[in-house]
Amino acid sequence: MALALLGSTALTAVTAHAADKEISWIYCGDTIDPVHTKYIKQWEEKNAGWKITPEVVGWAQCQDKATTLAAAGTPVAMAYVGSRTLKEFAQNDLIVPVPMTDDEKKTYYPHIVDTVTFEGNQWGVPIAFSTKALYWNKDLFKQAGLDPEKPPKTWAEEIEMAKTIKEKTGIPGFGLSAKTFDNTMHQFMHWVYTNNGAVTDADGKVTLDSPQILAALKAYKDIVPYSEEGPTAYEQNEVRAIFLDGKVAMIQAGSGAADRLKKTQISWGITTLPLGPDAKGPGTLLITDSLAIFKGSGVEDKATEFAKFITSPDVQSEYELQGGAGLTPLRPSAKVDEFVAKDPYWKPLIEGISYGGPEPLFTDYKGFQNSMIEMIQSVVTGKAEPEAALKKAAGEIEAFK
């Protein structure tokens, strides 16, 4: 009997141990998306003894928490991070590479894989992607005597239309983001990529101080008088809120704006971002968030397997085509084609990918970002001329490569 009990206890221990194989996941946001909840359960059913344990952490803290745990030697298995941080994680030996096959790479839209690639290897699995397009208020265009069906195609037209709207209606023609917030740099990068500019070249050399980016910064200065008062007080979601109230005529925004506009009485349109003088075609900043697999968890291989499952084409399209989250599809597919046919607003958000570019990868990304924000704010507030501000920022970011 004693032996039988011992055997039973041992079996129970083995079973419990088998069920305790966990993949911890720092999940950014307020709640777990129902699509992910659904597929977590499906994956667990097919992988007996394994459990996914997501920890929901607010956007402002989630990335710092993942970093702190990894640096302390107690990493989570996987975390949702901005792809811009992957270079820093990789250089500090905190994450493992997640190589893609050529077939996997081909499934994505152009340049998506570039956002997670450093020194020829991939360091994360893209899970969220955003692009921007230009939204315009047709009613305000009409009030200003402009053709409500003809949005601007170039920066020059955009600035001129913003001026006309401000002068004729008293309402700001353009919503400008210049708050001390990460997307101030993102909003400016959309102008960089609509003028064939780049912050760094293929070899990592800083090319910020270029004619293309100088032109973008000058255009930013030129549109300030026709934007909302005090742009340094607004980030993109706050600018979007003003647009949804009918208090600004044009904004740069993602798919989330279209989802919200459907619930308003505003007559609106959406088109690709206006182009600068050196543009080769429609562009936008390509921002991805990724699942990073942390080194030292002991379950790196299984976490990689799960990461690729939860971002696989069928799962991913169900997640990103909900609309409200402001995401753009990562991959072309028949399902995406169906959505574009049903809701044409998806088309310009996808068309901008062709000549778009990734967030530049810097070892000290926050340092780089802060220099860019300071540059933008100095021009927007009139404290510096574009030429001087650009040269200063170009010199500073050399240290953050």
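Residues numbered from 1 in each chain as written. Predicted model: local features only at pLDDT ≥ 70, side-chain atom pairs only at ≥ 80, totals over all residues. Heavy atoms only, no water.

- An unreviewed UniProt entry annotates the chain as Extracellular solute-binding protein originating from Rhizobium redzepovicii.
- The UniProt entry for the chain carries the following comment under Sequence similarities (unreviewed entry): "Belongs to the bacterial solute-binding protein 1 family." (UniProt positions renumbered as here; feature names shortened; annotations may be inferred.)

## Thoughts on the overall build of the chain
Right, so step 1: Assigned secondary structure in the chain consists of 17 helices and 11 strands.
Right, so step 2: Relative to the globule expectation of 21 Å for 401 residues, the C-alpha radius of gyration of the chain, 23 Å, shows essentially globular dimensions.
Right, so step 3: Seen along its three principal axes, the alpha-carbon backbone of the chain occupies a region of about 95 × 45 × 35 Å.
Right, so step 4: Per-residue burial for the chain yields a buried fraction of 54% across its 401 residues.
Right, so step 5: Here the contacts in the chain between residues at least 6 apart in sequence split such that 77% fall between residues at least 24 apart.
Right, so step 6: Roughly 17,700 Å² of accessible area belongs to the chain as shown, and the carbon and sulfur atoms make up 53% of that amount.
Right, so step 7: One way to put it: in the chain the 40 positive side-chain charges average out to a point 3 Å from where the 52 negative ones average out. (Helix = DSSP H or I, 4+ residues; strand = E, 2+ residues; numbered from the N terminus. Rg over C-alpha atoms; globule rule 2.2 N^0.38 Å. Buried < 20%, exposed > 50% of the residue type's maximum accessible area, 1.4 Å probe, protein only. Contact = heavy atoms within 4.5 Å. Areas by Shrake-Rupley, 256 points an atom, 1.4 Å probe, with all protein chains shown as cover. Lys, Arg positive; Asp, Glu negative; His and termini not counted. Charge placed at Lys NZ, Arg CZ, Asp CG, Glu CD.)

## Examining the side chain of T131
Right, so step 1: Within the element layout of this structure, T131 appears in the loop between β6 (125-130) and β7 (133-137).
Right, so step 2: Judged by its relative accessible area of 0%, T131 falls in the buried class.
Right, so step 3: Of the polar contacts made by the side chain of T131, one reaches the side chain of T328; its length is 2.8 Å.
Right, so step 4: Engagement of the side chain of T131 in a polar contact is seen with the backbone oxygen of L349, the distance being 2.7 Å.
Right, so step 5: Beyond its immediate sequence surroundings of up to four residues, T131 is in contact with A253, G254, T284, L285, L286, T328, L349 and I353. (Polar contact = N/O pair within 3.5 Å; in protein donor to acceptor, adjacent residues only side chain to side chain.)

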